[in-house]
Amino acid sequence: MPHKIRPLLLSILLLLPVLLSGNGQGRICGTIRCHESGAPLGAVNVYLKGTSLGAASESNGNYCIYDISPGDYTVIFRMIGYKTREFPGISVSEGETVTLDVYMNPTVLEYDQDITVTSTRGPTLVTDVPASVNVLDTDAPEYQNAQNLGEILQNIQGVFIKDQGGLGNTKTISLRGSTAGQVVVLLDGQRINNPQTGEVDLSTLSLEGVEKIEVVRGSNSALYGADAIGGVVNIITRSDEQKKGGLQGSVKTTGASFGTFSLESTVDAKIKRWDLSGSGKYLHSRGDFTFTDNYGQKKTRKNADIESTDLHGRLATSLGEGLFTRHLEFTLRHHESERGAPGTIEPYYYRARMWDKQNQANMLLNSKIFSCLHELRWQNYYYDSWSRYFNDESLQKVDSRFTTRTGGSEIQVRSILEDWSTLTYGSGIRLDYMQDHQTSDERLRTSAYFFTVSENQLPVQILGMKKLSLVPSLRYDWNSDYPNRFSPKIGLVFNWGERWLTSLKMNAGLSYRAPTFNDLYWPEDVWTKGNPNLSPENGMDWDMGIRLQYPVLNGFYLESTYFENYLSDMIIWQETDGLWMPENVQSARIRGIENSLKFSPLKNNLTFQANYTFMDARNTNPESPAEYEKILVYRPKHTVNVSLTARILHIYGTYSYQYVSRRYTDATNVWKNSLDPYSLSHISLGYEMAYKTFRLTVNTHLKNLFDTEYRVIKNMPVPGREWRVSLTVEKK
Amino acid sequence: MNQKVWVLCVAVLFTAFGFWGCEDDPTGSDTPETSSAIYVLNSAATSISVIDLEADTVYNNVATVGTWPNQLVYHDEKLYCVNSGSNNIMIFDVDTWEAETPIALGDGKNPMNMAFYNDRYAFVTCSMSNQVLKVDMQEKTVATEITAGTGATGIAISGDKVYVSNTGYVGWDQPYEQGTVTVVNATNGEVIKTIDVGTNPQSIAIASDGKLHVSCTGDYGANPGVASVIDPATDTVVETVEIGGAPGMIATDLVNELAYLSVWGMGCMVYSTTDYTILNDSENMFLGKGGSGILVDTEGYVWVSVWDDDQVVKVNSTGTVLKTYNVGDSPMSLAQRIY
């Protein structure tokens, strides 16, 4: 290269940032604070209307929009949970820095502002989404002594946990009368339904590292694809916004009835730009509770022990500066357990055992792209599960071992199109693999999908209405095992008022459940075989409800929703030509009403919550006359949950009550086989004290206060009265 | 309306929902009063239906049974149900439908079928423990545990001898062992002899000439079903009826001297118990449906359970359907109340 050209190129390179920075352009900078508290607000989107210029505020509330050509602009400040503010006529001159400090007002003042990320695949206020959503904060007092996910979810309207009894036994979820395989369970947005069975055993999901849980009731295949007929449960682990920096941690030890002991610890640290967190839990329980057998004899539930270990680690960092800062996060989870598998009490297995191992790895990248109006979310995930079931007491000796592996990648972009319109779109690819170690049978399923959801907040002024939210969504799934599917859904929310907010919401959509590996490829023997020609189960649902949020009683909240779900081509294992095999034969109609109520007679000191679900789930297949129009098994008609939480200085307590009506256990509804209704009362008491940077919490919990003997599943006894005491030391 | 009043109304309404939970048995408590009946074991409903032959009426779900019920046996005004999963025998008074305390047979037995030796003792086959149990029905205890063969299932009693069919099933991925029938002395519980029969022997019935007919299902592959005929005088197989298919249960018609072998979901195969002529084979099924349970009543009518349709069909010996009864979910074993 000639000597004269090299310095010239070097000069251009050195000057390039200056040239590209738009020398002579202006900028708008300032600080954003909350009007109520004065606290700085981070992650506020600030942009110039009609341009692609913008910024996001940092955690100290500061922001700066660079490279603004001279002229007059309208500056818009937008953040979820706060009223959008517009400043028209902001004049920027050449080379000038305009200072614009802003205070933002929360959109609602009198009640909780739960934010959901599950119902629209982006952060949205629960009050703005048409879907029926519950957001559970796992730090809430009532969940302090929960040992697994099933114990937390059981008090939500529309949810019925099929608890086989005891800590070690299987717990699966039914949402709006669905089966467990018709509910998608996500861990940080990643599906963890077992591709072999389609289900998730909630007893194997500890609450380690979990920050909140979102439950979206009603079909959602339009966003999450297969299996979201009943709804979606999203388990969200702690994010870096939770930490203040430095070293934090906690140790919690719990002792409980039936020889139960658990030890949990968490560590959080911030080292330069790195957020590190880790947590672990060890649980051991003998599980030897007493129960009354079917003939009135008192017996001890033997072989119901569990020993489990859970580990969770997270590493997060921010790369780059300013608007295009990239947030990168790696998470790892490990679960390992061994438990007795006594099965039913008739027959009773004294030596049957189960082993489970699960590993999960997740990489998540969040970043603005193009401008502050577009946010990228890129997730890569891996999940494996190994399970073994051993039983030498059954007629057919069993020593089954299965491995499933799931890996995938998903890209999602969330774009603000207008002040009133946001579009989220993306696609993903996923591989599901299963290996049966006994038969060496291996199966692989490949799937790809595209989805889009549009959130539109239209200022409609009809019949006193303030706002109309229109949320259409659509997903297309391609799959190697069954025909491709379009899943549409539309949701509407009509809002009247602001402080006295009355909302009318409605949803309608199509959904489906994919046949599992077991359904398709169960190895053929003399009695059974899978059916590779199965089609997915189809669901068509709609719901309509009213939501009231009034500024009385320190935030009065009431929601009532009527829902209907029509299921067809349901996969049922039945005898065909002498072999048991799955067929698309059954149809069902599920309808009901979910009601929930919440208010605080004494602000921050006394909160009352209640919900009631009426559900009528019936078989509508006329080809089986004895079962036609009969109530589906294990679908209670009535479920009531009531809780009262009180706090006085450092003491808090919760009383909760649950009523579940009769459940049929056979398809023809033989009354004598049905399970009696049950009512349960639980009580918790806790004490918190702080010393310097330490916080000590003692929590006691009496579960099933009146020692009620009941069964959720036929021949599966549930423990009677159970106490738990925990001690937590936390360093802030 | 004032907003607070509205709030209060909603709260009151909400509370009222909680009282909707009261439910009553919609099926009522009707029980049949009859001295002539066919009892039907509904396996999926785990219940008993009664076909009242006097009133020609069906009473469904008059009683519930245990886990994995397998067989109903009527004896001396009582109905006995063998529950494989519950490992017990339930006893019902067929007039009041009161249930007595079940007879516990012990964990890990998997009882399949029973037969009465006399009013005091019955014998019960146990397929998992490979035993036949001599049960004292008065004391409700197991008197003697007798080792039979692998997968002890079918049972019949002829004179003082108990005949137990052993399927030889050892696992779905293993070939069947030699099918056998164990002959036990009913009085002292000693095993007299083990007789080799066809593959996978399931059920035993006694014909009018006293011979024992054993339905052998075969292995669903190279070895199709046969019926092995045992002469109790010599305890040897005197005839093998190569009927084919995969027969399950067997019932003998003492009036017309026929044997009916049920084939699950497909009907029955029929042969003569006198000259072993095959009247209906697997290509030419009698009835053409059902077969989860079969009984030939004292008048020679054939009763067949149709699992898929939740029905029991009454047929004459020529195959004409005389009546169809809607019973409970997934009917299986049948028993007759003899008046």
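Data block above holds the structure.
Residues numbered from 1 in each chain as written. Chains lettered and ligands numbered in written order. Predicted model: local features only at pLDDT ≥ 70, side-chain atom pairs only at ≥ 80, totals over all residues. Heavy atoms only, no water.

Draft legend 1. The arrangement of the overall build of chain B in detail. Counting its secondary structure elements, chain B contains one helix and 28 strands. The dimensions of chain B, computed from C-alpha atoms along their principal axes, are 95 × 45 × 45 Å. Within chain B, buried positions represent 56% of all 339 residues. Look at the contacts in chain B between residues 6 or more apart in sequence, and 41% of them connect residues 24 or more apart. A total accessible area of about 13400 Å² is found for chain B, and carbon and sulfur atoms account for 48% of it. In chain B, which carries 13 positive and 41 negative side-chain charges, the distance between the mean positions of the two groups comes to 5 Å. (Helix = DSSP H or I, 4+ residues; strand = E, 2+ residues; numbered from the N terminus. Buried < 20%, exposed > 50% of the residue type's maximum accessible area, 1.4 Å probe, protein only. Contact = heavy atoms within 4.5 Å. Areas by Shrake-Rupley, 256 points an atom, 1.4 Å probe, with all protein chains shown as cover. Lys, Arg positive; Asp, Glu negative; His and termini not counted. Charge placed at Lys NZ, Arg CZ, Asp CG, Glu CD.)

Draft legend 2. Up close: the pattern of salt bridges. All names here are of chain A. Taken as a whole, this structure holds 47 salt bridges over all chains when the rule is applied. As a salt-bridge pair, Asp 201 and Arg 339 come within 2.9 Å of each other at their nearest N and O atoms. Linking Asp 201 in the loop between strand 15 (190-191) and strand 16 (210-217) with Arg 339 in strand 24 (residues 326-340), this pair joins segments that are 138 residues apart in sequence. Residue Asp 201 is classed as buried on the basis of its relative accessible area, which comes to 16%. Relative accessible area serves as the criterion here: at 2%, Arg 339 is assigned to the buried category. With a closest N to O distance of 3.4 Å, Lys 299 and Asp 293 form a salt bridge. Judged by its relative accessible area of 42%, Lys 299 is partly exposed. What emerges from the salt-bridge pattern is a single network uniting Glu 151, Lys 703, Glu 722 and Arg 724. (Salt bridge = Lys/Arg side-chain N within 4 Å of Asp/Glu carboxyl O.)

Draft legend 3. Quick peek at the sheet that holds strand 3 (residues 54-56) of chain A. Residue and element names in this part refer to chain A. As summarised here, the arrangement of the four strands in space is 3-2-5-6, forming an open sheet in which the pairing is antiparallel. For this open sheet the edge positions go to strand 3 and strand 6 (85-92), each flanked by a neighbour on one side alone. For this sheet, the mean inter-axis angle between neighbouring strands, taken without regard to orientation, is 20°. In this structure, strand 5 (residues 71-78) lies alongside strand 6, joined through six bridges in antiparallel fashion. Across the sheet, Val 75 pairs through a bridge with Phe 87, a residue of strand 6. (Pairing = 2+ DSSP bridges. Axes fitted to C-alpha atoms, helices over the stretch in contact; angles between N-to-C directions.)

Draft legend 4. The arrangement of the state of the cysteines in detail. Here the structure, examined in full by the defined rule, presents one disulfide over all chains. Here Cys 29 of chain A engages in a disulfide with Cys 64 of chain A; their sulfurs sit 1.6 Å apart. Looking along the S-S bond of the Cys 29 of chain A-Cys 64 of chain A disulfide, the torsion reads about 70°, which is the right-handed sense. Placement of Cys 29 of chain A in strand 1 (residues 26-34) and of Cys 64 of chain A in strand 4 (residues 62-68) is noted, with a sequence separation of 35 residues between them. No disulfide involves Cys 81 of chain B; its sulfur sits 14 Å from that of Cys 126 of chain B, the nearest cysteine. Since its relative accessible area comes to 0%, Cys 81 of chain B is described here as buried. (Disulfide = S-S within 2.5 Å.)

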